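Below are the chains, spelled out letter by letter.
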Amino acid sequence: QVQLVEFGGGLVQAGGSLRLSCVAVGSIFSINTMGWYRQAPGKQRESVATITSGGGINYADSVKGRFTISRDNAKNTVDLQMNSLKPEDTAVYYCNAEIQDVRTRSRRDYWGQGTQVTVSS
């Protein structure tokens, strides 16, 4: 069984920083794209940043220059460093990964449990 476990999040003042971490555990054969998504109250879930196994990165326009995504392929982790946080960054942040299971060799998307990020003005 594969799981994504998230760490980090919390309450921070505007202009502050937070770091989110996510580790994939279980029967993993390979991981393709990993990323972070967020969902604010009353809004749809949106992509924040993604990174492929080869290091290709995409950011949402709203976080470019403020957030940095990184991953460690050996440890099956993906991190999101968030700087210059704004109140509009307040949301539940979810880790996502496309993972191939070692037993079934099937590939599917997995999601973390979500972690709250609150930025006060």
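Some details on the overall build of the chain
From N to C terminus, the chain includes zero helices and eleven strands. Relative to a compact globule of 121 residues, whose C-alpha radius of gyration would be 14 Å, the chain shows 14 Å and is just as compact. Projected onto its principal axes, the C-alpha positions of the chain cover 50 × 25 × 20 Å. Split into buried and exposed, the 121 residues of the chain put 41% on the buried side. Across the chain, the fraction of contacts at a sequence separation of at least 24, relative to all contacts at a separation of at least 6, is 57%. Accessible surface computed for the chain: about 6300 Å², of which carbon and sulfur atoms make up 46%.

Let's talk about the packing of aromatic side chains
For any pair of aromatic rings, geometry is given as the distance between the ring centres together with the angle between the planes. Applying the stated criterion to the full structure yields one aromatic pair. Plain terms: the ring middles of tyrosine 37 and tryptophan 111 are 5.0 Å apart, the flat faces sit at 70° to each other, and that makes the pair edge-to-face. Note that tyrosine 37 is positioned in strand β4 (residues 28-39) and tryptophan 111 in strand β10 (residues 107-111), a separation of 74 residues in sequence. For tryptophan 111, a relative accessible area of 37% gives the class partly exposed. Over the aromatic face of tryptophan 111 sits the side chain of arginine 45, whose NZ or CZ is 4.6 Å from the ring centroid. Directly above the ring of phenylalanine 29 sits arginine 105, whose terminal nitrogen or CZ lies 3.9 Å from the centroid.

About the thresholds
Residues numbered from 1 in each chain as written. Predicted model: local features only at pLDDT ≥ 70, side-chain atom pairs only at ≥ 80, totals over all residues. Heavy atoms only, no water. Helix = DSSP H or I, 4+ residues; strand = E, 2+ residues; numbered from the N terminus. Rg over C-alpha atoms; globule rule 2.2 N^0.38 Å. Buried < 20%, exposed > 50% of the residue type's maximum accessible area, 1.4 Å probe, protein only. Contact = heavy atoms within 4.5 Å. Areas by Shrake-Rupley, 256 points an atom, 1.4 Å probe, with all protein chains shown as cover. Phe/Tyr/Trp six-rings, centres within 6.5 Å; stacked < 30°, edge-to-face > 60°. Lys NZ or Arg CZ within 6 Å of the ring centre and 35° of its normal.

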